[in-house]
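# What the coordinates show
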Amino acid sequence: MYSKEDLENLKLKAILYLHSQRGQYSGYQECSVIYRNKSSSYFNNIMRSGRRGGNGIMATYIKDNNGDPRCPINNRLDGLFFSCNMDFETGKPSKDSPFGERRLRIDAYEMLFLDDYRMYFSDFYCFNSNKRGHYVNIVVTTPGSEADDFCKQHLVAISRKKNPFIHCRQGSKTVCKSCGVRVEIFFTDDVNIKELLGEELATFEDCQCTGYSKPNGLPKNLNCPHCNLEESDDSDTESCSDSDDSNSVPSYQYSPQNSWSWR
């Protein structure tokens, strides 16, 4: 399992990777919603009333082994994954999904930034056969919860205002995420879908299921030089950069205006 020092180094590699990206993969894109794709039966069971239904409460469950096998939250922390990645052309979530044909969309600002949640960096990875680039996992907790206590002990805390992966634009309710990686949110509280629907903060929509997910997740590409702490000396190592230019980058400094400045 990674130590906190290991995760600090992995976070640094993720940041350096961001600054190696060019073109559409550089900078930020607005993210008005976070969303969760699942089967219709999954959501129907949650919305069903009575003893056999979820009564509108989407309950957390244990994190699988998807991503880095040394990630501290694998099989140790309960939560719910949400994506905040938008199509570059439409600025909306992709119409396709490998996780199911039904999508729950929730207002990103209300979900992540209205309450006093905490954020932690937990993983940076890509997959062997992946053509969708790299992923960063961000854990969101309620201060004082068991999940928060676990994350303070094992993960790396990041500022909600000044982190390079996802943040709220200063003085507004506009949420922005990095274009250079796919950001996945691991939300550690149960989610009351019925309440969110009633407040018009969430909606359901259909999407096209383009495959299937594996029950215990997909393993990380351990040969990628960008997202592994120990770089391979093998000259055949596969590079999974999102752009044609993934050379080393200069030192950087994060500015309060949510942009990166060079020095």
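Refer to the structure above for everything that follows.
Overview of the structure. Just so it is clear, the structure is predicted and the values come from calculations on it, not from any experiment.

### Describing the overall build of the protein
- Broken down by element type, the protein carries 5 helices and 18 strands.
- A burial count over the protein gives 48% of its 263 residues as buried.
- Long-range pairs, those at least 24 residues apart, make up 75% of the contacts in the protein between residues at least 6 apart in sequence.
- Per element, the accessible surface of the protein, about 13,500 Å² overall, is 45% carbon and sulfur.

### Section: the sheet that holds strand 11 (residues 166-168)
- The strand order 1-12-11 describes an open sheet built from 3 strands, whose pairing is antiparallel. Here the strands that pair on one side only, and so sit at the sheet edges, are strand 1 (28-30) and strand 11. Pairwise comparison of adjacent strand axes, ignoring direction, gives a mean angle of 30° for this sheet.
- Pairing of strand 11 with strand 12 (residues 175-178), which is carried by 3 bridges, proceeds in the antiparallel orientation. Each residue of the ladder has a partner; that of His-167, found in strand 12, is Cys-176.

### Details of the packing of aromatic side chains
- According to the stated counting rule, one finds 11 aromatic pairs in the structure shown.
- The interplanar angle of 55° and the centroid separation of 5.8 Å between the aromatic rings of Tyr-17 and Phe-124 together place this pair among those described as tilted. Of the two residues, Tyr-17 sits in helix 1 (residues 4-18) while Phe-124 sits in strand 8 (residues 118-125), which places them 107 residues apart along the sequence. There is no split in this pair, since Tyr-17 and Phe-124 are both buried.
- Between the aromatic rings of Tyr-125 and Tyr-135, the centroid separation amounts to 5.4 Å while the plane-to-plane angle is 5°, which identifies the pairing as stacked. Of the two residues, Tyr-125 sits in strand 8 while Tyr-135 sits in strand 9 (residues 135-141), which places them 10 residues apart along the sequence. Across this residue pair, the class does not change: Tyr-125 and Tyr-135 are buried.
- Taken together, the ring pairs connect Tyr-42, Phe-43 and Phe-204 into an aromatic cluster.
- Over the ring of Tyr-42 we find Lys-38, and its NZ or CZ is 5.5 Å from the ring centre.
- Taking NZ or CZ as reference, Arg-103 lies 4.9 Å from the ring centre of Tyr-35, over its face.

### A word on the side chain of Lys-13
- With respect to the helices and strands, Lys-13 occurs in helix 1.
- Looking at Lys-13, its side chain comes within polar contact range of the main-chain oxygen of Asn-228, at 3.5 Å.

### Looking at the pairing of strand 7 (residues 102-107)
- When strand 2 (residues 33-38) meets strand 7, the two strands line up antiparallel, connected through 6 bridges. The partner of Asn-37 across the bridge, within strand 7, is Arg-103.
- Sheet topology places strand 7 next to strand 15 (residues 202-206); 5 bridges connect them, and they run antiparallel. Opposite Arg-102, over in strand 15, you have Asp-206 as the bridge partner.

### What to know about unusual backbone geometry
- A positive phi is found at Asn-55, a non-glycine position, where the angle reads about 55°.
- Position of Asn-55 relative to the elements: it lies in the loop between helix 2 (40-47) and strand 3 (57-58).
- For Asn-55, a relative accessible area of 37% corresponds to the partly exposed category.
- Even without glycine at this site, Glu-200 takes up a positive phi of about 60°.

Calculation criteria
- Residues numbered from 1 in each chain as written.
- Predicted model: local features only at pLDDT ≥ 70, side-chain atom pairs only at ≥ 80, totals over all residues.
- Heavy atoms only, no water.
- Helix = DSSP H or I, 4+ residues; strand = E, 2+ residues; numbered from the N terminus.
- Buried < 20%, exposed > 50% of the residue type's maximum accessible area, 1.4 Å probe, protein only.
- Contact = heavy atoms within 4.5 Å.
- Areas by Shrake-Rupley, 256 points an atom, 1.4 Å probe, with all protein chains shown as cover.
- Pairing = 2+ DSSP bridges.
- Axes fitted to C-alpha atoms, helices over the stretch in contact; angles between N-to-C directions.
- Phe/Tyr/Trp six-rings, centres within 6.5 Å; stacked < 30°, edge-to-face > 60°.
- Lys NZ or Arg CZ within 6 Å of the ring centre and 35° of its normal.
- Polar contact = N/O pair within 3.5 Å; in protein donor to acceptor, adjacent residues only side chain to side chain.

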